[in-house]
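Understanding the architecture of this molecule
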Amino acid sequence: MKISHINYVINFKSTERKVYGDNPLFKRRKSGSRNERFLYSNYTNFFRLDLQDVCLGWKSFRKAISRAFQDSPKVNVYNFASSDGSETYSLIISLIEELGEEGAKKFFPIKAYDIDSEIIKQAKSDKIQCLKDDYEKILKNTDGRIDRYFDINNIDRKERGSCRLRLKSAIKDCAQFEEANIADKIDEINPSNSLVLCRNFWFNLNEKDVKNIFERLCARLDTGSVIVLGELDICGCNVISEILEQYGFEKIYKCTYQKK
């Protein structure tokens, strides 16, 4: 199934990019005074709250992932709807913090995909948008060692407390970004020892397409592989929970399910 955009208009600010247009794959929703229909938002930020422990940040999540693949010599990691890369780099940082650079290598490179060509261009650059809240979460999840991952001597200051951080090359090389949609990539996912992040976009899709695509994904994965969803998906799509149960996935952490 191809996901394409027809007559779309975009509004991009900070870590949010809204896309308007006409596409049968997406739910129809009002878009204020615009003639076009709102399709989806590329909103993202570092260390998103739906995977966060109130006190420990992403530390509990990264421990759950490490345990799930502790006996795997190589882990295949896929990040769909990766937006500008904030979540991809949050995972990279988390794994290095948890396992050290050498131990985390088995998870890299992360293959990250998004259907938006403009946001992929940004993700492929060595700079990434960062708000004050993002900066504080990075500090919390690295025990203040932000300089391990970003060149803090080259920060582009923006208005309203935002900035652009420059990624260190060693971290940037841990991710590979590509314009693509999940429907076209499922058959390329390695069934074994795979970690699939497909978060906070299912609720935008029609229920028929959610069932078709998500069922294909769950059927593709072997025992031991893990799917990470978003809180918005779990709350907004009843069919998601039904398919997870049907294919034997069990919850191992917030929004995180392993095929048993």
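These remarks concern the structure in this document. Residue positions are given per chain, counting from 1 as you read along its sequence in written order. The predicted nature of this model means local features are confined to residues of pLDDT at least 70 and side-chain atom pairs, given and counted, to a pLDDT of 80 or more, with totals for whole chains, interfaces and linings taken over all residues. Based on all heavy atoms of the structure, the side-chain values leave hydrogens and waters out of the count.

What to know about the environment of glutamate 188
Let me state the cut-off plainly: Every helix listed is a DSSP run of H or I at least four residues long, and every strand listed is a run of E at least two residues long, numbered separately from the N terminus. Relative accessible area decides the class of each residue, using a 1.4 Å probe on protein chains only: under 20% of the type maximum gives buried, over 50% gives exposed, and in between gives partly exposed. The contact criterion used is simple: two residues touch if any of their non-hydrogen atoms lie within 4.5 Å.
Residue placement: glutamate 188 occurs in the loop between α6 (182-185) and β10 (194-198). Look at glutamate 188 and you get exposed, because its relative accessible area is 51%. Distance from glutamate 188 to arginine 220, taken between C-alpha atoms, is 9.6 Å for residues 32 residues apart in sequence. Beyond its immediate chain neighbours, meaning those up to four positions away, glutamate 188 contacts Tyr78 and Arg220.

With respect to the packing of aromatic side chains
Rules: Stacked, edge-to-face and tilted labels apply to pairs of Phe, Tyr and Trp rings (six-membered ring for Trp) whose centres lie within 6.5 Å, assigned for plane angles under 30 degrees, over 60, and everything in between, in that order.
What the rule picks out here adds up to 10 aromatic pairs. With centroids separated by 5.2 Å and ring planes inclined at 85 degrees, the aromatic side chains of phenylalanine 47 and tryptophan 58 adopt a geometry described as edge-to-face. Within this pair, whereas phenylalanine 47 is found in the loop between β3 (37-41) and α1 (59-68), its partner tryptophan 58 is found in the loop between β3 and α1, the two being separated by 11 residues in sequence. Just as phenylalanine 47 is buried, tryptophan 58 falls in that class too. Grouped by ring-pair contacts, the aromatic residues Phe46, Phe47, Trp58, Phe61, Phe150 and Tyr253 constitute a single cluster.

Observations regarding the packing of helix α7 (residues 207-220) against helix α9 (residues 238-246)
We count it as follows: For every element, the axis is a line fit to its C-alpha atoms; helices are fit only across the contacting stretch, and the angle between N-to-C directions ranges from 0 to 180 degrees. Note on angle classes: values under 35 degrees are labelled roughly parallel, values over 145 roughly antiparallel, values of 65 to 115 roughly perpendicular, and the remainder oblique. Crossing chirality is assigned from the near helix's rotation relative to the far helix, an anticlockwise turn below a right angle marking it left-handed and a clockwise turn marking it right-handed.
Between α7 and α9, the least distance of the axes is 10 Å, while the angle of their chain directions is 25 degrees. Taken together, α7 and α9 sit at an angle that is classed as roughly parallel. As α7 packs across α9, the resulting crossing turns out to be right-handed. Note on element contacts: α9 touches α7 through Val239, Ile240, Ile243, Leu244 and Gln246, opposite Glu207, Val210, Lys211, Phe214, Glu215 and Cys218.

Notes on the nonpolar core
In plain terms, the rule: Joining through side-chain atoms within 4.5 Å is the link that ties buried Ala, Val, Leu, Ile, Met, Phe, Trp, Tyr and Cys residues into a set, and such a set is a nonpolar core.
Tyr89, Ile92, Phe108, Phe150 and Leu195 are the most contacted members of the largest nonpolar core, which totals 43 residues. Of all the elements, helix α2 (residues 86-104) adds the most residues to this core, at 7 residues. When near neighbours in sequence (up to four residues on either side) are disregarded, leucine 195 contacts Ile65, Phe69, Val75, Asn76, Val77, Tyr78, Leu91, Val226 and Val228. Counting 28 residues, the second largest nonpolar core, distinct from the first, contains Tyr113, Ala183, Trp202 and Leu244.

Some details on the pattern of salt bridges
As a reminder, the rule being used: Put simply, a salt bridge is a Lys or Arg side-chain nitrogen that is within 4 Å of an Asp or Glu carboxyl oxygen.
Under the definition given, this model contains 16 salt bridges. Salt-bridge contacts for glutamate 98 lead to arginine 62; the nearest nitrogen and oxygen are separated by 2.9 Å. Placement of the pair is glutamate 98 in helix α2 and arginine 62 in helix α1, with a sequence separation of 36 residues. According to the relative accessible area criterion, glutamate 98 is partly exposed, its value standing at 23%. Arginine 62 gets classed as buried once you look at its relative accessible area, which sits at 8%. Linking aspartate 187 and arginine 216 is a salt bridge whose minimum nitrogen-to-oxygen distance equals 3.6 Å. With aspartate 187 in the loop between α6 and β10 and arginine 216 in helix α7, this residue pair connects regions lying 29 residues apart in the sequence. Looking at arginine 216, the relative accessible area reads 29%, which means it is partly exposed. What you see here is one network of salt bridges that share partners, running through Glu97, Glu101, Arg145 and Arg148.

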